[in-house]
Amino acid sequence: MAPSFATASKFPWACAHELSWATRQRRIVQTLRTLDADVVCLQEVEFTLWPEFASSVSAIGYDGVRQQTKHTVGNALLLKRGRVECLRTESRSRAMIAVLRRALPNAGESAAQAVAGAGANGVSGGSNGNGLLWGNGGAGGSAGGSNGNRLPPHLGQTVESEMDGAVDLTPLYVANVHLEAGASKFSERQRICQLRSLLRRVELQRAKDVAHGAGRPNALSPSTDVCGAALVLAGDFNFDKKSPQYALLAQGSVG
């Protein structure tokens, strides 16, 4: 997406008008309106242009959540307002992890408000009084809202909605990644390390929810508790099906 990457030298067949950010942003928004997806994962987002882009997609019903990083280009999520809400996010150097669930009627804050102020490795909580968004508010890089230590509902819990009947509150874990590029052995090892680190962080996010749901706040549950989590892994992986990275995801090992 980043305009700094959409140059004439990389795309010599495209004219300047087609490569301009104004043209591409308009077409991206048109495509998003047509697709009407609940969750959209974006890579190579240029953060200097993020406020403008977030405003454009807000007009068609999306809340934007960007990766918290020192880099000027990174990942972001778009969440369809009224369908999905963000419980918290965690930013890594090459990935953004988000814990989502179905939105409840009158859920309060937007996803963008919920994650405002999260640190580079932090977890953010919302400030709405109904406790739909939550945070620990501790010293380990977490930012809790004014609702204190409200915890998410037990995994698999449903609530009754006058509009939609039973609403499933099971968390969905979304990992939006942009792994190391390049064909060298070093780049290959980097991608393996990045994937292993990412999967471990997703496990810890899941374990946190299971521990809280079982009445064990501030303590991680056993690793077996991560089984059965709903996970979406999306992004720019920079590898193919013959690679050891694919084997790691498909088989659990690179051997």
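Residues numbered from 1 in each chain as written. Predicted model: local features only at pLDDT ≥ 70, side-chain atom pairs only at ≥ 80, totals over all residues. Heavy atoms only, no water.

1. Looking at the sheet that holds strand β2 (residues 62–66)
Thinking step 1. Ordered in space as β1-β3-β2, the 3 strands form an open sheet in which the pairing is antiparallel. Bordering the open sheet on either side are β1 (39–46) and β2, each of which pairs with just one other strand. With direction set aside, neighbouring strand axes in the sheet form an average angle of 25 degrees.
Thinking step 2. With 5 bridges joining them, β2 and strand β3 (residues 73–80) adopt antiparallel strand pairing. (Pairing = 2+ DSSP bridges. Helix = DSSP H or I, 4+ residues; strand = E, 2+ residues; numbered from the N terminus. Axes fitted to C-alpha atoms, helices over the stretch in contact; angles between N-to-C directions.)

2. Things to note about the packing of helix α2 (residues 21–35) against helix α3 (residues 50–58)
Thinking step 1. Between α2 and α3, the shortest axis-to-axis distance is 10 Å and the interhelical angle comes to 35 degrees. Remark: the crossing between α2 and α3 carries right-handed chirality. Note on element contacts: α3 touches α2 through Glu52, Phe53, Ser56 and Val57, opposite Trp21, Gln25, Ile28, Val29 and Leu32.
Thinking step 2. Grouping the amino acids of the contact of α2 with α3 by side-chain chemistry returns 6 nonpolar, 2 polar and 1 charged. (Left-handed = near helix turned anticlockwise from the far one by under 90°. Contact = heavy atoms within 4.5 Å. Nonpolar A, V, L, I, M, F, W, Y, C, P; charged D, E, K, R; others polar.)

3. Some words on the sheet that holds strand β5 (residues 95–102)
Thinking step 1. Spatially, the 4 strands line up as an open sheet ordered β4-β5-β10-β11, and their pairing is mixed. Only two strands of the sheet have a single neighbouring strand rather than two, namely β4 (84–91) and β11 (230–236). Between one strand and the next, the sheet's axes are offset by a mean angle of 20 degrees, whatever the strand orientation.
Thinking step 2. Bridging between β5 and strand β10 (residues 172–178) involves 6 bridges; their strand directions are antiparallel. Counted as the bridge partner of valine 99 is tyrosine 173 from β10.

4. As for the packing of helix α5 (residues 185–213) against helix α6 (residues 244–251)
Thinking step 1. Viewed as axis vectors pointing N to C, α5 and α6 meet at an angle of 20 degrees, and their least axial separation amounts to 9 Å. As summarised for this structure, α5 and α6 are arranged roughly parallel, according to the angle between their axes. Between α5 and α6 lies a crossing of right-handed hand. In this structure, α5 uses Glu188, Arg191, Ile192, Leu195, Arg196 and Leu199 to contact α6, whose residues at the interface are Pro244, Gln245, Leu248 and Leu249. (Parallel < 35°, antiparallel > 145°, perpendicular 65-115°, else oblique.)

5. Side note on the pairing of β2
Thinking step 1. Most of β2 sits out of view: 4 of its 5 residues are buried.
Thinking step 2. Between β2 and β3, which pair antiparallel in sequence order, lie 6 residues. (Buried < 20%, exposed > 50% of the residue type's maximum accessible area, 1.4 Å probe, protein only.)

6. Section: the side chain of glutamine 25
Thinking step 1. Secondary-structure assignment places glutamine 25 in helix α2.
Thinking step 2. By relative accessible area, which is 8% here, glutamine 25 ends up buried.
Thinking step 3. Polar contacts involving the side chain of glutamine 25 include one to the side chain of glutamate 52, which spans 3.0 Å.
Thinking step 4. Sequence-distant contacts of glutamine 25, that is, excluding residues within four places in its chain, are made with Glu52, Phe53 and Ser56. (Polar contact = N/O pair within 3.5 Å; in protein donor to acceptor, adjacent residues only side chain to side chain.)

7. Quick look at the nonpolar core
Taken as a class, soluble globular proteins show a tendency for nonpolar side chains to be buried jointly.
Thinking step 1. Ranked by size, the top nonpolar core spans 16 residues in total, and within it Leu32, Leu42, Trp50, Phe53, Val57, Tyr62 and Leu78 carry the most contacts.
Thinking step 2. Take this core: its biggest share by element is 4 residues, from α3.
Thinking step 3. Residues contacting leucine 42, with those up to four places away along its chain left out, are Met1, Phe53, Gly74, Asn75, Ala76, Leu78 and Asn176.
Thinking step 4. Counting residues in hydrophobic clusters, the runner-up holds 13 residues, among them Tyr173, Ala175, Ile192 and Val202. (Core = buried A, V, L, I, M, F, W, Y, C linked by side-chain atoms within 4.5 Å.)

8. So, unusual backbone geometry
Thinking step 1. Phi at aspartate 36 is positive, roughly 55 degrees, even though this residue is not glycine.
Thinking step 2. A residue is classified by how much of its surface remains accessible, and aspartate 36, at 32% relative accessible area, is partly exposed.
Thinking step 3. Even without glycine at this site, glutamate 44 takes up a positive phi of about 55 degrees.
Thinking step 4. Positionally, glutamate 44 belongs in strand β1.

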